[in-house]
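Residue-level listing of the chains:
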Amino acid sequence: MKGNEWRLANGGRIDRTRPLAFEFDGERYWGFAGDTLASALLANGVRIVGRSFKLHRPRGLVGAWCEEPNGIVQLGDGARTTPNLKATQVELRDGLSARSVNCWPNARSDAFAPLQLLGRLMPAGFYYKTFMWPSWHMFEPAIRRAAGLGTAPREPDPDRYEERHEQCDVLVVGGGPAGLAAALAATRAGARVILADDRPALGGALQETKRIDGAAALAWTAAVERELRTAPNARVLTRTTAFGCYDHNLIALSEKLSEPESAGLRERLWHVRAAEVVVAAGAIERPIVFADNDLPGIMLASAAMTYAAQYAVRPGRRAVIVTSGDSAYEAASTLQTAGVEIAAIVDTRAEPGEAASLARSAGIRVMAGYYPVRAHGGRAVKAIEIGQIGAAAGRINEGSARRLECDLLCVSGGWTPSVHLFSQAKGQLRYDPERAALLPGPGPKSFHCAGAAAGNLALHHCLTDGFAAGREAAKAAQATRDAGRSPTTDVELAATTAFWASPQSSHRKAWVDFQNDVTRGDLELAVRENLRSVEHVKRYTTTGMAVDQGKTSNMNALAILAELTGTSIPQVGNTTFRPPYDPVTLGSLAGRHVGAFYHPLRRTPLDRWHAAHGAVLEDFGGWLRPAWYAGERRHRDDCIRAEKRATRTAVSLFDGSPLGKIEVRGPDAAVFLNRMYYNGMKTLAVGRGRYGLMLNEHGIIIDDGVCLRLAEDHFLVSTTSGGAGRIFAGFEEWLQCEWPDLTVLVTNVTSAWGNIAVAGPRARELLERLETDIDLEPDAFPHLSIRCGRLEGVPVRIARVGFTGELSFEINIPAGYTTALWERLLAKGADLGVLPIGIEALQELRTEKGYLHVGTDTDGRSIPADVGMGALLAKKSDDFVGRRSLERSDAKRPDRLQFVGLEAQDPGTVLPVGAHVIADATTRNASQGYVTSSCMSEALGRSVALGLVQAGQARTGEAVHVYSSGRTFPARIVSPRWYDPEGHRLNA
Amino acid sequence: MPVRLSAFSLVRNALSSHERWPQLWRSPEPRRRYDVIVIGGGGHGLATAYYLAKEHGIGNVAVIEKGWLGGGNTGRNTTVVRSNYFYPESARLYDLSLRLYEGLSRDIGFNIMLSQRGVLTLAHNSHQLEMLARWLNAMHLNGIDGELLEPSRIREWVPLLNDSPTARYPVKGAVLQRRGGVARHDAVAWGYARAADALGVDIIQNCEVVGFLREGDRIVGVETSRGELRAPKVALAVAGHSSVLAAKAGFRLPVTSYALQAFVTEPVKPVLSCVVVSMSTGAYVSQSDKGELVTGGALDLYPSYAQRGNLPTLQGAVAGLLELFPCFSRLRMLRQWAGIVDVVHDSSPIIDEAPVKGLYLNCGWGTGGFKAIPGGGFAFAHLLATGRHHPAAEGFTLNRFTRGAMIDEGAAAGISH
Amino acid sequence: MLQITCPCCGPRDEPEFRWGGEVPLVRPGPPEQVSDEAWAEYLFTRDNPKGFVRERWLHALGCRQWFVVVRSTVTHEIRATTRLTDTLPEALT
């Protein structure tokens, strides 16, 4: 097919019967099912896939999976556009549209490329040293625009994400040969196993040419997968990255379910609590640091091999392979088979041993004891200059440079085991100089590292190692059935030595971190400036902080740092591995806790009725409640005024269902409540109620309400709507932790009962129209008392309490009957002018009455004396929660903020809530308190306000100024009891 | 004085291939005697040392740091600076801090990249709107800049904010402090270190305090992993580790240490120009100059000295962010981490003499220590040098817990620190 | 995410629980005999150790029982969980 001129005719794990069209940077191409975007681009001869972050250097693919630093793309458009994906991890599909990021108009010809010329002016940390004059603000906008990779969507994400919680005996991370062998052993031993691998297909880096247990490697892989998938005790998850290890062996996995541009369920977050964990996450090959090592066409040997073997792509015509170990010889052989001319294998080892002999006998030229000096080329590599390493160890033989022409330079500086999860689990890493790698050292017993992740690169090691780890893990989890014997294969060569960076021979840049444009020179500069800690160097140069998280750069940076500081890698230490191993979508972390499921609102039993009858529903303390009832398209204020008028002149209904209701029972109930309330509750008579404040141990008012005594050993505590859960939990804590000797049972019955407050001068008249066995007459049923009985045949508890200042009955009724009763009351009271009222009207009514609302008219410093209840303290002899705190000097300060009324000089002015009381209207500098509640009172024919004012109670009558947003209002401190101060109405 | 850093010095050094840049600070061998020993090489400790030398002429100072300087909360926070406080006590201290930040790059000759892009605190219901008004008017009376934004103005500032009519937390209003913003955290530590070093302060890294030296009932120095160092005054600025050092000195503090988490996304092109704080979700977010969205959330729910993130808290913070910005859902988290913060009951600091003579305390900053670095250091240096509380730090004493005289911002206006 | 073994319900995930502070915490009294200093000590002053600590937790979304946990504040390892009515476990360091 046209456009796939770099595609091999045969082989690979792609499906040649399924061609897929895609777009990159506006050009159309073709690939096949099984391709990644990266492999398809290579197959189409696209060499420049991105630009570096700072200098906009042209860059080609370096890796073939999550280690890729350069091929960063943006997929799709609109709400589903997704930035910063690695082309190496994007599975190709029909119609895929991708573009390179952080360049214009595209990666091939980027208008910002001239920035490279300024590279010298932009060493590590250059921004700390300049842009100070006249101010950073002059420069920041331009710098911000230049930074950033892709672009964020500007519309809400239309896709869904979900979470799943799972437990298992053995979690195997990695589905390569070691992981497969481990999963096989653990499954056969009878353990509950989860195998998670981040790629679309199992097998990891297994090559087609390998044979395991006498079968072709991929056939073996398929057989193992079949066995695992059919086993009742195993689960196989592909496209699933184990990205973090959290406390107590909680491993977080991110499973990709659909492609970024397609609709529906996109990702699933797994919380796996694993008794044992086998880390078989493989290893990542390292580049070598030398001059101009970032030219397109220079890639990891393993990546080149993967492109050829797995994707059937010829990544170049003529390759030079630079290596410090045996593994790249296999890459050479694979590439040669794929038709790539191998110009030479440059081995930094003087005596590369058997691998070299085998290569030579296959006709490949091996140059042992050479190292890369400098790559040549502009927009692509054209040649590599190599030099001979002198006979004396580490000495460079000057003048031995040679130049090898190539269009593909494969590098292998050794392997870095993927020990991230082990390290996150607080496993220690130790440096193994022989394998030039940080390997798992002492760590948690439940973690087993196997295969390349444990530094064992050879396939036969991976299999036996993995199998043994799986068996051990299963055994530790008490699964001990015979797992049989480990899979076997031929012995492989996998020796490696350390070769991090070539000696610097010129001022040409040698790149350590490709994406962030960090060079060896930057590391040198950091050390020169005495930033020697690895963390300082990382932060100063930004090495390892790009979206590849330093997978290819961290070890090289460590080694160079060790060299520069004259220490060793163990002395330099390494930066901490933190989650995530690979970036994780925010949506999947939020899961279903978005939209309506984020902090779900609580609804009252009357919720549907309210919605159907024009209520304007708002969030009040987590409950969806009517703010007011809009009725026939009237203005908000008119509605509220009508609701208030009905309450003051006729009768109204208020849905008080969210009001906290806590039952307290037992022989010690009275003693207990006496300790929980500021007010004395021991003497409360059966059938009566008492208003009380509840304090915390700091003496601060945390809730208030009426405590009602139903029987000698039975109380009903009402709390504020927002306080129910908190107060109930507090009761339990005190009872269990401080007073276990008290025999008291507390039950939160808030949602079991609906609550309707019937208030107004005609409230009794309305209730009398219903069938009830409760005597409603004032003498039989006075204010602050409770009666149990039946109303319209339904068991109810009616309390004569209220928040409006009018005659008021609060009917508690089993929640399911609430709507029926509500409707009955409305029907029976129609001629009385009954109206339902919302929170806004109620708040204004209680403001007129001067009832305080805890949390509105008190703040987190208010104590009982501040709200005019200080005198009770002396009258109560028993201890109660918070008592001792009321004796501290601060509680007796004369200038405390106290609850008062505030009367605006102009009765038509409603003082703004949040306005501050000040002494001097001109200097406006010292707050003396603030307005906490305020409204226009039709009943009183003027505005009313409540507030907290310094020493307010002693200052009644004093003139003050009230400041709000640049304006001041003259006002006077008055009593908060605005409406019916004698309480005739509520006692009616 | 250190070399003046500028565009000019950058060009000059470029010509010499950057081979002549001097050290940012020395790594001296500790002397045996100092006038003041500051324990803790974070922002507060380094700023204290700098102001001791600069404002009070006390340069014979050592800053000793267990690990690498700036490696604690200074290098682990979300870099927000602001002074939008309710109580006059807090306003004085935090505005002193912000004013010092405003001149800091020039003062210490190191670009801390102070970006006064504005801090926007969102209210989501009528109660919060009332609290915002109470708070904003207090700010005005305290002489702090602040303005109330209506929803339409908020959208101009933050166009990507959730505007769905069914949003769980619709945005009803906001207070904007224009002088608030972000600064580059590492640069603050390095800049202070460099400037303090130039004034003679010894910065000693990898030096752990293992105990205190005493004469009678006085502390006269510290025993460290690098030997004994003596000084008549020892200053503690170790944030989350305050209780640990206090235990070594033989007393306890009203401090509990919690992990505070943060995370960043992969960098994207500019999408958010200011700092956004939400009263309901507890999430706060800004976009770094590099393009990463830097987000924080609530404290972990139990004490911890483990500097690492916890999944449920992180998920809560992410969900909070996505409620505000549903369009960020497809961005990916790149790194998560945690700092260990020293929380006291009223979330206000302690700048005071310790219960043991010769020892001084700077702790209790909780989740808000970064923004207070210059002010905290300035006031602490004042206390160390003069023996008197700086006027901007009065009230932040240890005995406020005995008196019950809390300075609790959250209690007064429902605005968390 | 911690896994805590509730003495009543067995091992459960962290979100089911609520932390409640160091134990033992002795409430001084009667109030008239308690000094300001002793009261402040009770209200505010804590060991806040870097290492093992005994603390009380509530199985809030379960049996609603408070119980004692011995936990490391550094590694978060949990050494023991016991009922409030059991003898308080040894403090470990």
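Some remarks on the overall build of chain A
From N to C terminus, chain A includes 23 helices and 51 strands. Over its C-alpha atoms chain A spans a radius of gyration of 38 Å, topping by over 25% the 30 Å that the globule rule assigns to 988 residues. With the C-alpha coordinates aligned to their principal axes, the bounding extent of chain A is approximately 115 × 75 × 55 Å. Out of the 988 residues in chain A, the part that is buried amounts to 62%. Of the contacts made within chain A by residues no fewer than 6 positions apart, 66% connect residues no fewer than 24 positions apart. Carbon and sulfur atoms make up 51% of the accessible area of chain A, which totals about 35,800 Å². Charge-centre separation for chain A: the mean point of 113 positive side chains lies 3 Å from the mean point of 110 negative side chains.

Brief notes about the interface of chain C and chain A
How big an interface is tends to be stated in terms of the accessible area lost upon association of its parts. Between chain C and chain A, the contact holds 25 residues from the first and 27 residues from the second. Our count for the contact surface shared by chain C and chain A stands at seven salt bridges. A:Arg273 is the partner of C:Asp13 in a salt bridge, and the nearest nitrogen-oxygen pair spans 2.5 Å. Our enumeration of links across chain C and chain A arrives at 19 residue pairs in polar contact (both at pLDDT 80 or more). The class makeup of the residues in the side of chain C that touches chain A is 12 nonpolar, six polar and seven charged.

Quick look at the domain arrangement of chain B
All names here are of chain B. Looking at chain B, the domain boundaries give domain 1 (28-110 + 184-254 + 346-413) and domain 2 (119-181 + 257-343). Here domain 1 and domain 2 have C-alpha centroids that lie 27 Å from each other. For the pair domain 1 and domain 2, the summed buried area comes to about 2,600 Å², and 53% of that belongs to carbon and sulfur atoms. For the domain 1 face of the interface with domain 2, the top three residues by lost area are Arg76, Thr78 and Asn84, together amounting to 25%. Our enumeration of links across domain 1 and domain 2 arrives at two salt bridges.

A few points about the packing of aromatic side chains
Both the distance between ring centres and the angle between the ring planes are used here to describe each pair of aromatic rings. On inspection of all chains with the given rule, the structure shows 35 aromatic pairs over all chains. Summarising the aromatic geometry, the rings of A:Phe126 and A:Phe131 are spaced 6.1 Å apart at their centres and angled 75° between planes, so their arrangement reads as edge-to-face. Exposure remark for A:Phe126: the relative accessible area of 9% places this residue in the buried category. With a relative accessible area of 18%, A:Phe131 lands in the buried category. Judged by centre distance (5.4 Å) and plane angle (10°), the rings of A:Tyr128 and B:Phe110 are stacked.

Some remarks on helix H8 (residues 354-361) of chain A
All names here are of chain A. Of all the positions in H8, only Ala355, Ala356 and Ala359 are classed as buried. In a view along the axis of H8, the buried residues occupy a sector of 95°, so they form one face of it. Along H8, exposed side chains directed more than 90 degrees from the buried face belong to Glu354 and Ser361. Taken together, the buried residues of H8 touch helix H7 (327-337), strand E19 (341-347) and strand E20 (366-368). The first or second residue beyond H8 is Gly363, which carries a positive phi of 90°.

Description of the nonpolar core
Grouped together as the largest cluster of nonpolar side chains are 212 residues, with contacts concentrated most on A:Leu37, A:Tyr307, B:Tyr101 and B:Tyr192. Ignoring sequence-local partners within four residues, the contact set of A:Tyr307 consists of A:Ala38, A:Ser39, A:Leu42, A:Leu61, A:Gly63, A:Ala64, A:Thr88, A:Met299, A:Ala312 and A:Val313. In this structure, A:Val881, B:Ile204, B:Val356 and C:Phe44 belong to the second largest nonpolar core, which totals 62 residues.

Quick notes on the pattern of salt bridges
Residue and element names in this part refer to chain A. Under the defined criterion, the tally for this structure stands at 95 salt bridges over all chains. Between Asp582 and Lys86 there is a salt bridge whose closest N-O contact spans 3.3 Å. With Asp582 in the loop between helix H14 (569-572) and strand E31 (584-585) and Lys86 in strand E6 (residues 82-86), the pair connects residues that are 496 residues apart, well separated along the chain. For Asp582, a relative accessible area of 6% puts it in the buried group. Linked by salt bridges that have partners in common, Arg57, Arg59, Asp292, Asp294, Arg374, Arg508 and Asp517 make up one network.

Comments concerning the interface of chain A and chain B
Contacts between chain A and chain B engage 114 residues on the former and 110 residues on the latter. In this assembly, chain A packs against chain B so that about 9,300 Å² is buried in total across both faces, 54% of it on carbon and sulfur atoms. The three residues of chain A that bury the most area against chain B are A:Tyr128, A:Arg144 and A:Leu586, which together make up 9% of that side's buried surface. Here chain A is connected to chain B by six salt bridges. Across the salt bridge formed by B:Arg330 and A:Asp157, the nearest N and O atoms sit 2.7 Å from each other. Across the chain A-chain B interface, the total number found is 60 residue pairs in polar contact (both at pLDDT 80 or more). A per-element tally of the side of chain A that touches chain B places helix H3 (residues 136-146) of chain A first, with seven residues.

Considering the packing of helix H4 (residues 177-188) of chain A against helix H5 (residues 217-230) of chain A
All names here are of chain A. It is the contact of H4 with H5, at a shortest axis distance of 10 Å, that shows an interaxial angle of 35°. Like other packed secondary-structure pairs, H4 and H5 cross with a definite hand, here left-handed. Contacts between H4 and H5 involve Pro177, Leu180, Ala181, Ala183, Leu184, Thr187 and Arg188 on the former and, on the latter, Trp220, Thr221, Val224, Glu227 and Leu228. Along the lines of polarity and charge, the residues of the contact of H4 with H5 split into eight nonpolar, two polar and two charged.

Some remarks on the sheet that holds strand E14 (residues 275-278) of chain B
Ordered in space as E31(A)-E17(B)-E13(B)-E16(B)-E15(B)-E14(B)-E4(B)-E6(B)-E5(B), the nine strands form an open sheet in which the pairing is mixed. A single partner strand is all that each edge strand has here, and the edge strands are E31 of chain A together with strand E5 (147-149) of chain B. The pairing of E14(B) with strand E15 (residues 284-287) of chain B spans two bridges and is antiparallel. Across the sheet, residue B:Val277 finds its bridge partner in E15(B), namely B:Tyr284. Here helix H5 (residues 126-141) of chain B sits on the sheet in contact with strand E4 (119-123), E5 and strand E6 (173-177) of chain B, set at roughly 25° to E6(B).

A word on the sheet that holds strand E2 (residues 61-64) of chain B
Residue and element names in this part refer to chain B. Sheet architecture is open: six strands sit in the order E8-E2-E1-E12-E19-E18, paired in mixed fashion. Single-partner strands in this sheet number two, and they are strand E8 (202-204) and strand E18 (350-353). Strand after strand, the sheet turns through a mean of 15° between neighbouring axes, direction not considered. Inspection of the sheet shows E2 paired to E8 by three bridges, in the parallel sense. Bridge pairing links Ala62 to Asp202 in E8.

With respect to empty space enclosed by the protein
The gaps of empty space that remain are located by a probe, the size of a water molecule, rolled over the atoms. Under the definition given, this model contains 11 cavities of 30 Å³ or more. The volume enclosed by the second largest cavity comes to roughly 380 Å³. In terms of lining residues, the second largest cavity is bounded by 24 residues, among which A:Gln89, A:Lys256, A:Glu267, A:Asp582 and B:Arg332 are the most central. Listing elements by their share of the lining of the second largest cavity, those giving two or more residues are E6, strand E13 (240-246), strand E14 (250-256), strand E15 (265-279) and E31 of chain A. If one sorts the elements of the lining of the second largest cavity by residue count, E14(A) sits on top with three residues. Grouping the amino acids of the lining of the second largest cavity by side-chain chemistry returns nine nonpolar, four polar and 11 charged.

Looking at the packing of helix H11 (residues 520-528) of chain A against helix H13 (residues 554-564) of chain A
Residues and elements named next belong to chain A. Viewed as axis vectors pointing N to C, H11 and H13 meet at an angle of 45°, and their least axial separation amounts to 10 Å. The pairing of H11 with H13 is recorded here as oblique in orientation. Pair H11 / H13 crosses with right-handed handedness. Touching Arg520, Leu523, Glu524 and Val527 of H11 are Ala557, Ile560, Leu561, Glu563 and Leu564, all from H13.

A look at the environment of A:Asp432
Residue and element names in this part refer to chain A. Structurally, Asp432 can be placed in strand E26 (residues 429-432). When residues no more than four places from it in sequence are discounted, the contact partners of Asp432 are Ala437 and Leu439. Only 3.1 Å separates the side chain of Asp432 from the side chain of Arg435, close enough to count as a polar contact.

Things to note about a negative patch on the surface
Residues and elements named next belong to chain A. A contiguous patch of negative charge on the surface is contributed by Glu768, Asp775, Glu777 and Asp779. Its place among the elements puts Asp779 in the loop between helix H20 (763-768) and strand E42 (786-791). Residue Asp779 is classed as exposed on the basis of its relative accessible area, which comes to 78%.

About the thresholds
- Residue positions are given per chain, counted from 1 along the sequence in the order it is written.
- Throughout, the order in which chains and ligands are written sets their labels, letters from A for the former and numbers from 1 for the latter.
- The predicted origin of the model limits local features to residues at a pLDDT of at least 70 and limits the giving and counting of side-chain atom pairs to 80 or more, whereas totals for whole chains, interfaces and linings rest on all residues.
- Heavy atoms throughout the structure, all of them, feed into the side-chain values; hydrogens and water do not.
- Put simply, DSSP H or I for four residues or longer makes a helix, DSSP E for two residues or longer makes a strand, and each gets a number counted from the N terminus.
- Atoms considered for the radius of gyration are the C-alpha atoms alone. The globule rule reads 2.2 Å times the number of residues to the power 0.38.
- Any residue under 20% of the maximum accessible area for its type is buried, any over 50% is exposed, and the rest in between are partly exposed; the area is computed with a 1.4 Å probe on protein chains only.
- Contacts are assigned to residue pairs that have any heavy atoms within 4.5 Å of one another.
- Each accessible area value is a Shrake-Rupley result obtained with a 1.4 Å probe; residue values ignore everything except the protein chains displayed when judging cover.
- By the counting scheme adopted, Arg and Lys are positive, Glu and Asp are negative, and His together with the chain ends is not counted.
- Throughout, a charge is located at the NZ atom of Lys, the CZ atom of Arg, the CG atom of Asp or the CD atom of Glu.
- What makes a salt bridge here is a side-chain nitrogen of Lys or Arg within 4 Å of a carboxyl oxygen of Asp or Glu, nothing more.
- Under the rule applied, a polar contact is a pair of N or O atoms within 3.5 Å (in protein, one hydrogen donor and one hydrogen acceptor; residues adjacent in sequence only if both atoms are side-chain atoms).
- Asp, Glu, Lys and Arg are counted as charged, while Ala, Val, Leu, Ile, Met, Phe, Trp, Tyr, Cys and Pro are counted as nonpolar; the rest, among them Gly, fall into the polar class.
- Residue ranges labeled as domains rest on an automatic or database domain assignment.
- Defined here as a combined quantity, buried area equals the accessible surface (1.4 Å probe) lost by two parts on assembly, summed across both.
- Between 30 and 60 degrees the pair is tilted, below 30 it is stacked and above 60 it is edge-to-face, where a pair is any two Phe, Tyr or Trp rings, Trp via its six-membered ring, whose centres lie within 6.5 Å.
- The reported arc concerns the directions from the helix axis to the C-beta atoms and nothing else.
- By convention a nonpolar core is built from buried Ala, Val, Leu, Ile, Met, Phe, Trp, Tyr and Cys residues, the set being connected through side-chain atoms within 4.5 Å.
- Under this scheme, a helix contributes an axis fitted over its contacting stretch, all axes are lines through C-alpha atoms, and angles between N-to-C directions fall in the 0 to 180 degree range.
- Two helices cross in a left-handed way if the nearer one is turned anticlockwise from the farther one by less than a right angle. They cross in a right-handed way if the turn is clockwise.
- When DSSP finds at least two bridges between two strands, those strands are taken to pair.
- Using a grid of 1 Å spacing that covers the protein atoms alone, one calls a set of points a cavity when a 1.4 Å probe fits there but cannot get out, and a pocket when the set is open and has protein on both sides within 12 Å along at least five of seven lines; lining residues are those with an atom within 4 Å of a point.
- Grid points are joined across faces, edges and corners, and a volume is the space filled by probe spheres set on the points.
- Roughly parallel refers to an angle under 35 degrees, roughly antiparallel to one over 145, roughly perpendicular to one between 65 and 115, and oblique to any angle outside these ranges.
- For patch detection, residues must exceed 30% relative accessible area and be free of salt bridges, and they are connected within 9 Å for like charges or within 5 Å for nonpolar side chains (Val, Leu, Ile, Met, Phe, Trp, Tyr).

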